[in-house]
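# Coordinate analysis (summary)
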Amino acid sequence: MKNIVILISGGGSNMAAIVRAAEHERWAARFDARVAAVISNKADAAGLALARERGIATAVVPHRDFANREDFDRALAAAVDAHAPALVVLAGFMRILTPGFVGRYAGRLINIHPSLLPAFPGLNTHQRAIDAGCKVAGLTVHQVTAELDHGPILAQAVVPVFADDTATSLAERVLVHEHRVYPAAIAAWLGETK
Ligand code: NHR
Ligand code: GAR
């Protein structure tokens, strides 16, 4: 069985979309894969309750409990490794990961970023796209490497930016497509590594 471990920090709507796709598309039968665990760096992440309701194992590794990023990432890796993951999925996970963590999961660590990379890596992407006068925005699923938001691109989708958009309205429009594209990219990855 290929275990998928999902890392979140907040709402977990992408995580929920992946869990839903795994059930509806029968990933267990087709890819011998399942969402084995959801891990958050924040104890109050709404996504944790959602995962528990689905009977998925959860864990919290609070980054504030650790003196530095290396110590946090070591504890996070221990929590991840407890589920022997074939794939580690960042879904709204908000802590930059050290090269040590990234190297440990090389080739099996992916992220969804709410911009059309290589434009707007980092935070506050929707406001930056609006401020730059972009007519389109979107999302990127990419492999995670040590360099933030620079790994090989696996999938993208484009949405229009409207003249009256705010960061909130644009984020909502992008998120709808995230929920479609991220599960599809993961299914494609699982199909290729069968
Ligand atoms: N780590 C590495 N090494 N490489 C990537 O490509 C990563 C990563 C960790 C997270 C997600 C990313 C995004 O999609 C991601 C990609 C957090 C920050 C950030 O600045 C930036 C990018 C992403 C996630 N985090 C602050 C920090 O100091 C904390 C911000 C907060 O807590 O709100 O870690 O955008
Ligand atoms: C998503 O839009 C995701 O792309 C973005 O945060 C949202 C999380 O929503 N990720 C980042 O900005 C990473 N820095 P969710 O928790 O409901 O999936």
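You'll find the structure just up there.
Residues numbered from 1 in each chain as written. Chains lettered and ligands numbered in written order. Predicted model: local features only at pLDDT ≥ 70, side-chain atom pairs only at ≥ 80, totals over all residues. Heavy atoms only, no water.

## Observations regarding the site of ligand 1
- Around ligand 1 sit 20 residues, and of these Arg-69, Asn-111, His-113, Thr-145 and Asp-149 come closest.
- Here an oxygen atom of ligand 1 sits 2.8 Å away from a polar atom, N or O, in the side chain of Asn-111.
- Here a nitrogen atom of ligand 1 and a backbone polar atom of Ala-146 are 3.4 Å apart.
- For ligand 1, the accessible surface in isolation is 720 Å², of which the surrounding protein chains cover 84%.
- A total of three residues in the shell around ligand 1 trace back to one element, the largest contributor, which is strand β5 (residues 109-113).
- In terms of residue class, the shell around ligand 1 is built from 11 nonpolar, five polar and four charged. (Near = heavy atom within 4 Å. Polar contact = N/O pair within 3.5 Å; in protein donor to acceptor, adjacent residues only side chain to side chain. Areas by Shrake-Rupley, 256 points an atom, 1.4 Å probe, with all protein chains shown as cover. Helix = DSSP H or I, 4+ residues; strand = E, 2+ residues; numbered from the N terminus. Nonpolar A, V, L, I, M, F, W, Y, C, P; charged D, E, K, R; others polar.)

## Details of helix α7 (residues 167-192)
- The terminal C-alpha atoms of α7 lie 36 Å apart, and with 26 residues this matches the ideal 38 Å at 1.5 Å per residue to within 8%.
- The largest bend in α7 comes to about 30°, at Glu-178.
- What α7 keeps buried is the set Leu-170, Val-174, Glu-178, Val-181, Tyr-182, Pro-183, Ala-185, Ile-186, Ala-187, Trp-189 and Leu-190. (Expected span 1.5 Å × (residues − 1). Bend = angle between axes of the 7 residues up to and from the residue. Buried < 20%, exposed > 50% of the residue type's maximum accessible area, 1.4 Å probe, protein only.)

## Some words on the pairing of strand β4 (residues 85-90)
- Most of β4 sits out of view: five of its six residues are buried.
- Pairing between strand β1 (residues 2-8) and β4: five bridges, direction parallel. Its bridge partner lying in β4, Leu-7 is registered against Leu-90.
- Taken together, the three bridges between β4 and β5 define a ladder with parallel strand orientation. Each bridged residue has a counterpart across the sheet, and for Val-88 the counterpart in β5 is Leu-109.
- You can see the chain leave β4, run along helix α5 (residues 99-104) and come back into β5, and the turn it takes is right-handed. (Pairing = 2+ DSSP bridges. Right-handed = clockwise from strand over helix to strand, strands pointing away.)

## Describing the pattern of salt bridges
- Per the stated rule, a full pass over the model turns up four salt bridges.
- The closest approach of N and O atoms between Arg-104 and Asp-81, which form a salt bridge, is 2.5 Å. Separated by 23 residues along the polypeptide, Arg-104 in helix α5 and Asp-81 in helix α4 (residues 69-81) bring together distant segments of the chain.
- Note on Arg-104: relative accessible area 47%, which makes it partly exposed.
- The class of Asp-81 is partly exposed, set by a relative accessible area of 27%.
- For the salt bridge of Asp-165 with Arg-173, the shortest nitrogen-to-oxygen distance reads 2.7 Å.
- The exposure class of Asp-165 is buried, given its relative accessible area of 9%. (Salt bridge = Lys/Arg side-chain N within 4 Å of Asp/Glu carboxyl O.)

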